[in-house]
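# Residue-level structure breakdown
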Amino acid sequence: MKHHRNKLMIPGPVEFSPAVLNAMAQPTESHVGANFVNTFKKALEQLKTVFCANSYQGFILAGSGTFAMDVAASNVLEQNDQVLIIDTGYFSQRMVQLIKHYGLNPDVLTAKLGTVPSLDLIKETLAKKDYKAVFLTHVDTSTGVLFDLKLIAQQLQGKDTLLIVDGVAAAAAAECKTEEWGIDIYFSASQKACGTPPGLALLMVSPRALALAEQRKKPLPNYYASWQNWLPVMKAYAQGDPAYFGTPPVNLIYALVESFTEIIAEGMEIRIKRHLKQAFAFRQGLKALGLQTIPQTDSVAAPTLSAIYYPSGIGSELIKSLAENGVVAAGGILPKFQDQYFRLGHMGCCNYLDLIAVLAALEQALYSLDYCCFDLGSAVAAFQNAYIKKNFLE
Ligand code: PMP
C-alpha cells in the first residue's frame, strides 16, 4: 500500500512545524532593510535564551553543522596547540579529521561503543597536558550517546582550557546551561531540535574565547569562516544596524525566529523534560519488542534520538519495511557497525502521538519480516505506561 504522508523520523533534518514552513514562504526582503535587520536582531536575542548564554556572542551563519564545527575550531586554534577530543562516535571523529586538516595533531580519548569515558580517565588525561581546548559532542548522532556536560565543565573550572561542544543533535532539547557551566563555544545547526530547515550554523561564544581568538600569533587560515569577517556583522545586527559580509539566508532567518518563538513559548525547562520523558518512554517501547540500543545505560541515552540494534537475522530490510509502513528511519553510520543498527529521531516538534505511531509502525514492520516474538500493541502499551506513569514534569 502506498503511503502519501510518510513521517520523517531520521535524526535530522526533522519534521518542521507548519508555522515555521509558512515563515519560509514569506516574500524575501532586502538583507539590509530595516525589517529584516530587526528580524535578525530578534534571532540573535532568542539564540541567547535557547542556548542559555546571555552575555555570549552569537553567530547565525549560512552553512550546515559541519560549517559550525569549522568556525569553532578554525577561529580559536593555532599551529602546535594541544587539543583533546573526547570521541563518542562519528561526529567526534569528524572533528578529529577537521582539526588534523589544519595541521594539528589532537589527542583523542575514544569511548567504548555506547559509553562515555569514565570521569577518572578524563581527569587523568586532562592532567597530562595543558590543553588549549577540549572538544566533545553533546549527543553523538551516530551512537545516540549523551555526554554529561556539567561533569566535564566542572573539571575544567578555573583552568585556561577552552571547552568547545558540538550541540548539533542536542541544542534546544538536551539541558545545556552554556554560560553557567562555563562552556566556551556551544554550536549547533538549524535542522534538528532547533526546528528550522537545514542551512544555518548557530554558535554561542564566550567573551574569553573571542579574546583568545584575537590574541593568536599564527591564526589558522580561514576566510568564509573567519570571525574577523562575521563579528562586525553580528554586532551590527544585534544593535539593529544593517551590515554585510555575505548575504544571509533571509527566509531561513524568518523560519528560525518562528521556531525559536515556539521553543521559547514552550519554555526551555519544560521542553527539556518533554524530550527526556518522550525518549524514556520510547526506549520502554523498544524494550517491549526485545530491541537493544547502543547506549548502554539510561544515563548516557540521548533525549533526541535512539540508535537501535537490528534484531538477529534482520538488517536494513527493516528500514525498507518501516518506510512501507509510513516511517522514514536512518541507517547506521558508525564505520564497522553501520550494518548492525538503525536510528530514529525523537526531537523538536515530534510529540508523544508521533512516537506512538512510530512504535506501531515498527511493530508492523517487524511482523512483516517474521519477527513476531511479541504481542502486537506491546510497544505502544509500554510507551503509554511509561509516559503516563513517569512523572517528569513535576
Ligand atoms: N555534529 C553532529 C552531532 C551531527 O549530528 C551532525 C549532522 N548529523 C553534524 C555535526 C554535521 O552537521 P551537518 O550534516 O549539518 O553538516
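The present account deals with the structure reproduced in this document.

Parameters and conventions
- Residues numbered from 1 in each chain as written.
- Predicted model: local features only at pLDDT ≥ 70, side-chain atom pairs only at ≥ 80, totals over all residues.
- Heavy atoms only, no water.
- Helix = DSSP H or I, 4+ residues; strand = E, 2+ residues; numbered from the N terminus.
- Rg over C-alpha atoms; globule rule 2.2 N^0.38 Å.
- Buried < 20%, exposed > 50% of the residue type's maximum accessible area, 1.4 Å probe, protein only.
- Contact = heavy atoms within 4.5 Å.
- Lys, Arg positive; Asp, Glu negative; His and termini not counted.
- Charge placed at Lys NZ, Arg CZ, Asp CG, Glu CD.
- Pairing = 2+ DSSP bridges.
- Near = heavy atom within 4 Å.
- Polar contact = N/O pair within 3.5 Å; in protein donor to acceptor, adjacent residues only side chain to side chain.
- Areas by Shrake-Rupley, 256 points an atom, 1.4 Å probe, with all protein chains shown as cover.
- Nonpolar A, V, L, I, M, F, W, Y, C, P; charged D, E, K, R; others polar.
- Phe/Tyr/Trp six-rings, centres within 6.5 Å; stacked < 30°, edge-to-face > 60°.
- Lys NZ or Arg CZ within 6 Å of the ring centre and 35° of its normal.
- Salt bridge = Lys/Arg side-chain N within 4 Å of Asp/Glu carboxyl O.

What follows is about the overall build of the protein. If you tally the helices and strands in the protein, you get 13 helices and 14 strands. Taken over C-alpha atoms, the radius of gyration comes to 21 Å for the protein, in line with the 21 Å a tight globule of 394 residues would show. Each principal axis of the C-alpha atoms in the protein carries an extent, and together these give about 65 × 55 × 40 Å. Across the 394 residues in the protein, those meeting the buried criterion constitute 57%. The contacts of the protein with a sequence gap of at least 6 include a subset with a gap of at least 24, amounting to 73%. If the 33 positive side-chain charges of the protein are averaged to one point and the 34 negative ones to another, these points end up 2 Å apart.

A few words now on the sheet that holds strand E14 (residues 341–345). Strand order across the open sheet formed by 3 strands is E11-E14-E13, with antiparallel pairing between neighbours. Of all strands in the sheet, those bounded by a partner on one side alone are strand E11 (305–309) and strand E13 (330–331).

Our next topic: the site of the ligand. Looking at the ligand, the residues that line it are Ser64, Gly65, Thr66, Met69, Phe91, Thr137, Val139, Thr141, Asp166, Val168, Gln191 and Lys192. For the ligand, an oxygen atom lies 2.8 Å from a polar atom in the side chain of Gln191. Coverage of the ligand by the protein chains reaches 87% of its 390 Å² of free accessible surface. Among the elements that make up the shell around the ligand, the one with the highest residue count is helix H3 (residues 65–76) (3 residues). A per-class count over the shell around the ligand returns 4 nonpolar, 6 polar and 2 charged.

What the rule picks out here adds up to 16 aromatic pairs. Through pairs of rings, three or more aromatic residues link up here, namely Phe67, Tyr223, Tyr224, Trp230 and Phe245. Of note, Lys277 hangs over the ring of Tyr387, and the distance from its end group to the ring centre comes to 4.5 Å.

On to the pattern of salt bridges. Overall, the coordinates contain 8 salt bridges when judged by the stated rule. Close ionic contact of Asp354 with Lys7 constitutes a salt bridge, the shortest N to O distance being 2.7 Å. Here Asp354 is found in helix H12 (residues 352–368), whereas its partner Lys7 is found in strand E1 (residues 7–8), with 347 residues between them in sequence. According to the relative accessible area criterion, Asp354 is buried, its value standing at 15%. Glu175 is paired through a salt bridge with Lys177; the nearest N and O atoms lie 3.1 Å apart. What emerges from the salt-bridge pattern is a single network uniting Glu266, Arg271 and Arg274.

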